[in-house]
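The primary structure of each chain is shown beneath.
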Amino acid sequence: GAGVSQSPSNKVTEKGKDVELRCDPISGHTALYWYRQRLGQGLEFLIYFQGNSAPDKSGLPSDRFSAERTGESVSTLTIQRTQQEDSAVYLCASSMGQVEKLFFGSGTQLSVL
Amino acid sequence: KQEVTQIPAALSVPEGENLVLNCSFTDSAIYNLQWFRQDPGKGLTSLLLIQSSQREQTSGRLNASLDKSSGRSTLYIAASQPGDSATYLCAVWGGYNKLIFGAGTRLAVHP
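Since this is a predicted model, take the numbers as computed values, not measurements.

Caption draft 1: Inspection of the pattern of salt bridges at higher detail. By the definition in use, this model includes 6 salt bridges over all chains. The residue D86(A) makes a salt bridge to R64(A) at a minimum N-O spacing of 2.8 Å. Of the two residues, D86(A) sits in the loop between β8 (75-79) and β9 (88-95) while R64(A) sits in the loop between β6 (53-56) and β7 (65-69), which places them 22 residues apart along the sequence. Relative accessible area serves as the criterion here: at 1%, D86(A) is assigned to the buried category. Between R37(B) and D39(B) there is a salt bridge; the shortest N-O distance is 3.0 Å. With a relative accessible area of 18%, R37(B) lands in the buried category.

Okay, here's the thing in C-alpha cells:
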C-alpha cells in the first residue's frame, strides 16, 4: 500500500477484555516496529520484527502483551486482560531494512474504561 | 544506554521567525538520526534523516545538522509559518533494532 495502515483508529474497551490491534506495513518493508505513546509522553518501544521473526521483544511491558507477524506483512498486537494503564496510542512503523528511514501509521487510540 | 533529550520542551514564536530546535544524545555510536513531525491525533511524519557520516541534510525550509562527536543535532526552520505548528521529535538508532526518541519540542507559530 501507499503507507502504513493501522486499524482500528480508535478502540474503547472495558477493563479485563482482550484487544487486537492491526498493522499493515508498506509493501516490501521487511522491518516492522510497534511503539506506545501515553498521553503527553514520548514514544516507548515495544517490539521489532525482521521478516516474521521478533529478535527484540524487550519493550513489551508484561506477559499480557504479545505480537505476531505473518507473511512478512501484517502484524497484530494483542493485549490480554486490559488495564487502565494500557490506555495510549499504539503506533506501528515499517522500514525497508534495519536502520533505514522509518514510516509510521496514524496509530490506534486505545481507551480502557 | 542511549538517551535522547530535546530542548526546549515548548516554543511559541510569531510567524516569519527563524528558529532552532535542539537534540542531544548520550551515546555517539549511532547509525543515523531522524527528525519527525507529529500533528495532534496523527502519526509521525519523517522530515529528515542524517546518516552518521553526514553533517547536514536540507529539505525546503528545513535544515538538520549533526555533530556526532558531541552528541548533538539541530533542526533549523526558516521563515516559520502557522502550518509548522506541531511536535518535533528527534530519534537515533540505538543499535540496529530500535529507534530511540526524545520527548519532543511542541512548536506553536502564531500569525
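From this point, things continue past the structure.
Caption draft 2: Molecular detail of the pairing of β7(A). All names here are of chain A. The sheet contact formed by β7 and β8 spans 5 bridges and is antiparallel. Bridging across to β8, R69 finds its partner in S75. Where β7 folds back onto β8 in an antiparallel hairpin, the turn is made up of 5 residues, including G71, whose phi is positive at roughly 60°.

Reading the values: rules and limits
Residues numbered from 1 in each chain as written. Chains lettered and ligands numbered in written order. Predicted model: local features only at pLDDT ≥ 70, side-chain atom pairs only at ≥ 80, totals over all residues. Heavy atoms only, no water. Salt bridge = Lys/Arg side-chain N within 4 Å of Asp/Glu carboxyl O. Helix = DSSP H or I, 4+ residues; strand = E, 2+ residues; numbered from the N terminus. Buried < 20%, exposed > 50% of the residue type's maximum accessible area, 1.4 Å probe, protein only. Pairing = 2+ DSSP bridges.

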